[in-house]
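Given next are the chains, with one letter for each unit.
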Amino acid sequence: MKSKMCCVLLVIILIAVTGYYSINTRLLKGTLDFSHSDHRTAFHELKSLADKGDAIAQALVGSMYYKGDGVGKDYSKAFEMTKAAAEVGYAYAQFMLGNMYYDGLAVQQNYSDAVRWYQKAAEQGDADAQTQLGNMYGQGLGVKKDFVQAVKWYRKAAEQGEPQGQSNLGGCYELGEGVTQDYTKAREWYLKAAEQGNATAQINLGDLHLKGLGVPQDITLAFKWFKQAAVNGDPKGQLIVGWMHLKGEGAPQSDQEAFSWIEASAKQGLAEAQFQLGMMYWSGQGTTKNMDEARRWIQMAAEQGHPEAQYGLSLIYIRGYGVTPDREQGMRWLSKAAAQGHGQAKAVYEELK
């Protein structure tokens, strides 16, 4: 994360300018290695310092244990190191400790404790912690839901240039949560985040241009931002770009381009993309018709609870499209789709049961 890199660089400056820890250059070297993502070397340099109680080394070593960077993952050691550094007030460690309580991997999940540590780091100016604290208030996790507080912390992070905080603040302005709804301000904050490569902001900015909210409607500009999110690897962005190519809206019509982007999204596990990819295999749109692949992708979406995929899969089994008919299997998927309120599924289920 950008602010984490800034945090590490500030540590380097502190060491270099003030002579802090000057008796041991291993801290400086290890911190530099960490900032350059040479985690294996950083771990070698910092581990002995962490064992001796150096808070900066403990925080960085704890992070490496937690993420498996330069050393095998070890959540127990990650928690031990990070907690020690957090308790002496090191903001990065406090943020990481909050993440551990949030994730529930290194310690039993506890949102209240996550909030407590995020708050400590946020109050020291850690932008990532400010964003995450805003998320906790916005979702009501470990604290009473409070959009005004969420906006307060998103704004603090956003004003430091933290892209997710900027994107989330834009979302609050777009939806009118914790602030008066203002599409112009939403666009302003989305744009700041989008220009830093934040895919969520790129999609939301594209959506504003698509719908003409706070800006003149411009489907070509909308496509530009959706495409940037897609290129950044965002599965929702990839699906939207695929749809736009499929329809020829804001982008050249191309079934092959559509198939390529929807496939990329589906491979990342997005249920809607998996269903759409299955239907493209079913119809042979943008690819060679293949009922085995159609069923495989539609089933993946159905297993994630996608009602349209569940209905489609039920028809594949009941009518034997590319498979031996299996009424029992088909009825099972039909009932799942019907239970989710799928109109056609409910009607067919009542007819066939």
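Keep in mind it's a predicted model, so treat the numbers as computed, not measured. (Residues numbered from 1 in each chain as written. Predicted model: local features only at pLDDT ≥ 70, side-chain atom pairs only at ≥ 80, totals over all residues. Heavy atoms only, no water.)

A. Region of interest: unusual backbone geometry. Even without a glycine there, the phi angle at S37 is positive, about 65°. For S37, a relative accessible area of 51% gives the class exposed. (Buried < 20%, exposed > 50% of the residue type's maximum accessible area, 1.4 Å probe, protein only.)

B. Quick peek at the packing of helix α4 (residues 55-67) against helix α6 (residues 91-103). Running from N to C, α4 and α6 cross one another at 30°; their axes reach a closest spacing of 9 Å. On the basis of their axis angle, the class for α4 and α6 is roughly parallel. Both α4 and α6 take part in a crossing whose hand is left-handed. Every residue of α6 that contacts α4 at A59, L60, G62, S63, Y66 and K67 is listed here: Y92, A93, M96, N99, M100 and D103. Broken down by class, the residue content of the contact of α4 with α6 amounts to seven nonpolar, three polar and two charged. (Axes fitted to C-alpha atoms, helices over the stretch in contact; angles between N-to-C directions. Helix = DSSP H or I, 4+ residues; strand = E, 2+ residues; numbered from the N terminus. Parallel < 35°, antiparallel > 145°, perpendicular 65-115°, else oblique. Left-handed = near helix turned anticlockwise from the far one by under 90°. Contact = heavy atoms within 4.5 Å. Nonpolar A, V, L, I, M, F, W, Y, C, P; charged D, E, K, R; others polar.)

C. Summary view of helix α8 (residues 127-139). A rise of 1.5 Å per residue sets the reference length of α8, with its 13 residues, at 18 Å; its end C-alpha atoms lie 18 Å apart and thus fit the reference within 8%. Counting buried positions along α8 gives twelve out of 13 residues, so the element sits mostly inside the fold. Taken residue by residue, α8 has A127, D128, A129, Q130, T131, Q132, L133, G134, N135, M136, Y137 and G138 as its buried positions. Of the residues that open α8, the one with a side-chain oxygen 3.2 Å from the backbone nitrogen of D128 is D126. (Expected span 1.5 Å × (residues − 1). Polar contact = N/O pair within 3.5 Å; in protein donor to acceptor, adjacent residues only side chain to side chain.)

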